[in-house]
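Structure at a glance
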Amino acid sequence: MSQRPSTLPITLGGLVRIQPLASASRLHFADPLRQVEQVVLAQTFERLRRCAPHVLVVLHDTAAAGGWSLAAALHLAWERNVSAVVVSGAVAGSAGAALAERLNMTLLAIDSDPVDVALQLAGQVSAPAAARALGQALCAERLAEQTHVRGVLGVLNSELQNAPVALVIGETAVAGRVAALQDKSNARRVEVEVQGPDEQPWARLVAAVPVNGPMAVEQVESLLRLARPSLQAAWAQTRLDSTVHSAHEQAAFGLLRRLAAEPPPEAPAGPVEIETPPWSSELGWQVDGVNRAVWLTPLRPSGEPSEEVTHLVRAAWQRGRTHWPLVVDGDSWISWHSSEDPDDVGPLRRAVTAFRDSAAAHRLVIGVGQAHPGVAGLMRSVAEARLAAHVAREQGPAGVQWFDQVGASAALAWLPTTEIAQVADLCLAELMDARDRMALVQTVLAVLDCGGSLSQASQRLGVHRNTVLARLTRARQLGLAYDEPEQRLALHVLCYALASLWTQSGTDE
């Protein structure tokens, strides 16, 4: 069944996008959402007095001539609650514009014959669907001129005005107005799926259309569909630019790493101060100061991340911190903050805090290195951040660890916990078959971590001391003889590996 065209009246904002009003001068433009239900060609004040509300008045002859005529006409139009007044540019002046602004009345000045303009406008107002179709055609031209995603969203939001539009990937708004995602009782959500170059769903265009607004849902949906080819082209261009930029950054960071690892042969023994290459500034990088690196890595790395994931992580990380780089390095990403003060950690803490929701969504963990100066210091901080990120994996998704707080326990992060935990299936078969194995292992681990103190272990676990004692007895009965000196170290490591794996997976499977 064919879709019936909308019979909603056209708005003033819709009229001024198409000729003849597209070329009119806006001496004052009050409300683009104001509806226009009729056009009146007013030759006399008597005709103006008989105007109904929501009409557009085109003044000519007596009504527009003379020193006080335009002022009187504006007052009458304001009293009759008309939508706008159109007058010849030869009559309109600064005084008329000032009065229109004071009355908050839309006043447009034209250079064409008022009669011809009134006839054209009458045809447009009597056939609002045709006028909107013409407006959509002009909007399509503007969309086709856009080469960036944000430009396309800018045209849509300009065209739809009170219906905010956002481009959403997953549950994140990557462009447009976030207000489109807010649940409101007086707005209806319209969604249009956007496919990527591989013809798979890539994103959604989401608009919140006011229930009592001047635009029909079908009209908004048509505009969103109209924007899809421009979005796909802009996205393809962005991916191409992003790929080139990412490769450029990876190569540049590789050169920095080589500079730090291979000092000049004529350099004296000991620490060598490496001059920051001038091309680093071309990338917008700051390396001369004191650098503190950040390592963003998946909770469970599975090879080099895809370009789509890198793009999303880059957008989330650089939101509000566009001067901070983000370089792909193997299965992870490197960023850093450079400043003159090594104790200036405020911006970095705010950045990490702001990124934690995105880190949880992408199941990433974050490691932060210490502050060190120059190129060599940056590479040292990167190594520290990477080590801290390994420790952060114990906290699960969105875990954050600062190298300053890691200490000697960082060595535990490099243990092959998966392989060690597999030993438990062979050596502690009875324990691994028990339903309460997680509680038993965590209890033994807490007691060993606390040097055998049952009181400290009970505080750490948040249970009564007698509960700890009962669990230890049961663990010993199931083969976990933690108090035998010759097995204590091995069982401590084994319990740590099991607890780490269960914490990361969220289960004891």
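Presented here is a report on the structure given in the accompanying data block.

Under the counting rule described, the total for this entry stands at twelve salt bridges. The salt bridge involving E46 is made with R49; its shortest N-O contact spans 3.7 Å. Placement of both E46 and R49 in helix α2 (residues 45-49) is noted, with a separation of three residues, approximately one turn of the helix. With a shortest N-O distance of 3.0 Å, R257 and D329 are connected by a salt bridge. Highlighted residues: R257 in helix α8 (residues 217-261) and D329 in strand β13 (residues 327-329), separated in sequence by 72 residues. Taken together, the shared-partner salt bridges connect R17, R142 and E159 into one network.

Successive residues of a regular strand alternate their side chains across the two faces of the sheet. Summarising burial for strand β14 (residues 332-339): eight of the eight residues are buried, a large majority. Bridge count between strand β12 (residues 290-298) and β14: seven bridges; the pairing is antiparallel. Considered in β14, the bridge of N291 is made with S338. Note that β13 and β14 share three bridges and pair antiparallel. Residue D329 lies in a different strand from β14, and its bridge partner there is S332. Where β13 folds back onto β14 in an antiparallel hairpin, the turn is made up of two residues, including G330, whose phi is positive at roughly 65°.

As a further point, take the side chain of S230. Structurally, S230 is set in helix α8. When its relative accessible area of 10% is taken as the criterion, S230 is described as buried. Those residues within four positions of S230 in sequence are excluded, and the remaining contacts are L143, A144 and V152.

Take the sheet that holds β13 next. Pairing within the open sheet is mixed, and its five strands lie in the order β13-β14-β12-β15-β16. Of all the strands in the sheet, just β13 and β16 (400-402) have a single pairing partner and so form its edges. Taking each pair of neighbouring strands and ignoring which way they run, the sheet shows an average axis angle of 25°. Those strands touched by helix α10 (residues 307-317) are β12, β13, β14 and β15 (364-373), and its axis lies near 25° from that of β14.

A few words now on the packing of helix α16 (residues 437-449) against helix α17 (residues 454-461). One can describe the packing of α16 onto α17 by two numbers: an axis separation of 8 Å at closest approach and a directional angle of 130°. Considering their axes alone, α16 and α17 lie oblique with respect to each other. As for the relative orientation of α16 and α17, their crossing is right-handed in sense. Contact residues: α16 offers Q442, T443, A446, V447 and D449, while α17 offers L454, A457, R460 and L461. Residue composition of the contact of α16 with α17, by class: five nonpolar, two polar and two charged.

Turning our eyes to something else, we now look at empty space enclosed by the protein. Rolled over the atoms, a probe as big as a water molecule pinpoints where empty space is left. Counting across every chain of the model gives two cavities of 30 Å³ or more. Together, 17 residues line the largest cavity, and G14, R17, R132, M215 and Q219 are the ones closest to its centre. Broken down by secondary-structure element, the contributors of at least two residues to the lining of the largest cavity are β1 (10-11), α1 (12-15), α6 (128-145) and α8. Among the residues forming the lining of the largest cavity, the class breakdown is seven nonpolar, seven polar and three charged. What the second largest cavity holds in volume is close to 40 Å³. Of the residues assigned to the lining of the second largest cavity, the class counts are four nonpolar, two polar and three charged.

The next subject is the nonpolar core. In this structure, L431, V444, V447, L472, L480 and L498 are the most contacted members of the largest nonpolar core, which totals 32 residues. Within the residue set of this core, elements represented by two or more residues are α14 (417-427), α15 (429-433), α16, α17, α18 (465-477) and α19 (485-505). The element contributing the most residues to this core is α19, with nine residues. Here L480 is in contact with L428, L431, V444, A475, L491 and C495, once residues within four sequence places are set aside. Judged by nonpolar contacts, the second largest core, of 30 residues, contains L153, V155, L224 and A227.

Calculation criteria
- Positions within a chain are numbered from 1, following the residues in the order the chain's sequence is written.
- Where local features are concerned, this predicted model is filtered to residues with pLDDT of at least 70; where side-chain atom pairs are given and counted, the filter is 80 or more; whole-chain, interface and lining totals use all residues.
- Calculation of side-chain values draws on the structure's entire complement of heavy atoms; hydrogens and water are dropped beforehand.
- Salt-bridge detection follows one rule: a side-chain nitrogen of Lys or Arg within 4 Å of a carboxyl oxygen of Asp or Glu.
- Comment: elements are numbered from the N terminus, with helices defined as DSSP H or I runs of at least four residues and strands as E runs of at least two.
- Burial status follows relative accessibility: with a 1.4 Å probe on protein chains alone, a residue under 20% of its type maximum counts as buried, one over 50% as exposed, and anything between as partly exposed.
- At least two bridges found by DSSP between two strands is the condition for calling them paired.
- Contacts were defined at the residue level, with two residues in contact if any of their heavy atoms lie within 4.5 Å.
- An axis is simply a line fitted to the C-alpha atoms; with a helix, the fit covers only the stretch in contact. Between two such axes, the angle follows the N-to-C directions and lies from 0 to 180 degrees.
- An angle counts as roughly parallel when it lies under 35 degrees, as roughly antiparallel when it exceeds 145, as roughly perpendicular when it falls between 65 and 115, and as oblique in every other case.
- Here a crossing is called left-handed whenever its near helix is offset anticlockwise from the far helix by less than a right angle, and right-handed whenever the offset is clockwise.
- Note on residue categories: nonpolar means Ala, Val, Leu, Ile, Met, Phe, Trp, Tyr, Cys or Pro, charged means Asp, Glu, Lys or Arg, and polar means any other residue, Gly included.
- Note on definitions: the grid is 1 Å and covers protein atoms alone; a cavity is a set of points where a 1.4 Å probe fits but cannot get out; a pocket is an open set with protein on both sides within 12 Å along at least five of seven lines; lining residues have an atom within 4 Å of a point.
- Grid points are joined across faces, edges and corners, and a volume is the space filled by probe spheres set on the points.
- Here the nonpolar core consists of buried residues drawn from Ala, Val, Leu, Ile, Met, Phe, Trp, Tyr and Cys, with membership extended through side-chain atoms lying within 4.5 Å.

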